[in-house]
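Topology and contacts: notes
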Amino acid sequence: DNKLKWGLIDRQGGELIPFIYEELYTPDSNQFLAFRKEGEELFGLIDCKGNVICDPKFGYIDGIDEEHGLITAGADEDNLGVYSLEAGEMVIPVEFDYVCYQDNIIECEESYSSKCKYYNYQFEELSFEGYTIVHEQGGIINAWKNGKSCVMDLEGPPVMENGTDYSRNLYERGYYISGSETLKGLKNISGEIIIPERYASIHVYGDYVKASDNMKGNWNIKDTLYDI
C-alpha cells in the first residue's frame with residue numbers, strides 16, 4: 001500500500017514480527033517492544049515473538065523494568081507513571097517526566113520541576129524530606145542535605161550523617177569521611193573518630209588513608225598516611 005510499516009527480523013533476515021505496525025520501538029528493553037497500529041493512537045507492548053504483553057492503552061511508553069514487570073508510561077513523554085503488568089493498572093500516578101528504577105526504590109521526578117518522589121516496590125511513597133540527590137544501591141541510601149552527605153538504610157534513621165564525601169566501598173568497610181568542606185576526618189559508622197577532623201582533604205587507597213594538612217591550588221601539602 002506504499003505506506004511505511006515496521007516489523008522485526010533476526011540476524012539472518014528471518015521475520016520475527018510481521019511488518020504491520022505504524023510505530024515499533026524498544027523502550028529501554030531487550031525483550032519487549034512498544035507498538036502502535038495504523039489508525040490507532042495508543043501504544044501497547046509485545047515481546048520479540050509478537051505476543052501481546054499489554055494491549056494498547058498508553059499515549060507513550062518510555063521504559064520497562066523487566067525484573068518487576070513494570071512499564072513507565074502515560075499520556076506523553078512529559079506525563080508518566082508506572083503501570084504494573086501483574087496488577088493490570090497504574091500503581092504510581094501519571095504526574096512525572098522521569099522514572100528511574102533503582103535496586104529497592106523508584107525515583108520519580110515531578111513534571112517540570114527538579115523535585116522527586118520516591119517509592120518502594122510495594123508502591124508506598126518514601127519520605128526523604130529535606131534531602132536531595134537521593135541515590136540507592138543494594139539497600140543503602142545516599143542523600144545530600146545542606147551540602148553534606150548522609151547514608152541510611154531503607155528502614156530506620158540515618159546511620160551516618162554530616163559526611164563530606166560518600167563511597168559505597170568505604171561505607172561497606174565501616175567508615176565515612178566526616179567534618180566540613182575545609183576540615184575533614186574519618187569516622188567509623190559507630191561515630192568513633194579514626195582520624196581527627198583537621199585535614200583539608202582525605203583520600204582512601206585500599207588499606208591506607210592520605211590526609212593533607214592544607215592545599216594550595218591543586219596541590220596537597222604536608223601529606224600524612226594512616227593505616228585503616
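Here the structure is shown first, and the text comes after it.
To keep things clear, this report deals only with the structure shown in the data block. (Residues numbered from 1 in each chain as written. Predicted model: local features only at pLDDT ≥ 70, side-chain atom pairs only at ≥ 80, totals over all residues. Heavy atoms only, no water.)

Quick notes on the overall build of the chain
For the chain, the count of helices and strands is 1 helix and 22 strands. Intrachain contacts of the chain at a sequence separation of at least 6 include 19% that bridge at least 24 residues. For the chain, the exposed surface amounts to about 13,300 Å²; the carbon and sulfur share of it is 46%. (Helix = DSSP H or I, 4+ residues; strand = E, 2+ residues; numbered from the N terminus. Contact = heavy atoms within 4.5 Å. Areas by Shrake-Rupley, 256 points an atom, 1.4 Å probe, with all protein chains shown as cover.)

Observations concerning the packing of aromatic side chains
Counted under the stated rule, the structure contains 7 aromatic pairs. With a centroid separation of 5.7 Å and 75° between ring planes, the pair formed by Tyr25 and Phe43 is classed as edge-to-face. Residue Tyr25 is found in strand S2 (residues 15-25), and its partner Phe43 is found in strand S4 (residues 43-47); the two are separated by 18 residues along the sequence. Judged by its relative accessible area of 22%, Tyr25 falls in the partly exposed class. The class of Phe43 is buried, set by a relative accessible area of 6%. Judged by centre distance (5.1 Å) and plane angle (75°), the rings of Phe58 and Tyr83 are edge-to-face. Here Phe58, found in strand S5 (residues 52-58), pairs with Tyr83, found in strand S8 (residues 79-84); they are 25 residues apart in sequence, far enough to count as distant. Considered together, Phe58 and Tyr83 belong to a single accessibility category, that of buried residues. In this structure an aromatic cluster arises from ring pairing among Tyr25, Phe43 and Tyr60. (Phe/Tyr/Trp six-rings, centres within 6.5 Å; stacked < 30°, edge-to-face > 60°. Buried < 20%, exposed > 50% of the residue type's maximum accessible area, 1.4 Å probe, protein only.)

Observations regarding the layout of surface pockets
Empty space within the largest pocket amounts to approximately 250 Å³. Of the residues forming the lining of the largest pocket, the biggest block, 3 residues, is contributed by strand S11 (residues 116-120). (1 Å grid on protein atoms, 1.4 Å probe; cavity = no way out; pocket = protein on both sides within 12 Å on 5 of 7 lines; lining within 4 Å. Points joined across faces, edges and corners; volume = space filled by probe spheres on them.)

Overview of the sheet that holds strand S6 (residues 60-65)
Pairing in this open sheet of 7 strands is antiparallel, and the strands run S6-S7-S8-S9-S10-S11-S12 from one edge to the other. Here the strands that pair on one side only, and so sit at the sheet edges, are S6 and strand S12 (125-126). Alignment of S8 against strand S9 (residues 89-101), held across 4 bridges, turns out to be antiparallel. By the bridge assignment for S9, Ser84 is matched with Glu89. (Pairing = 2+ DSSP bridges.)

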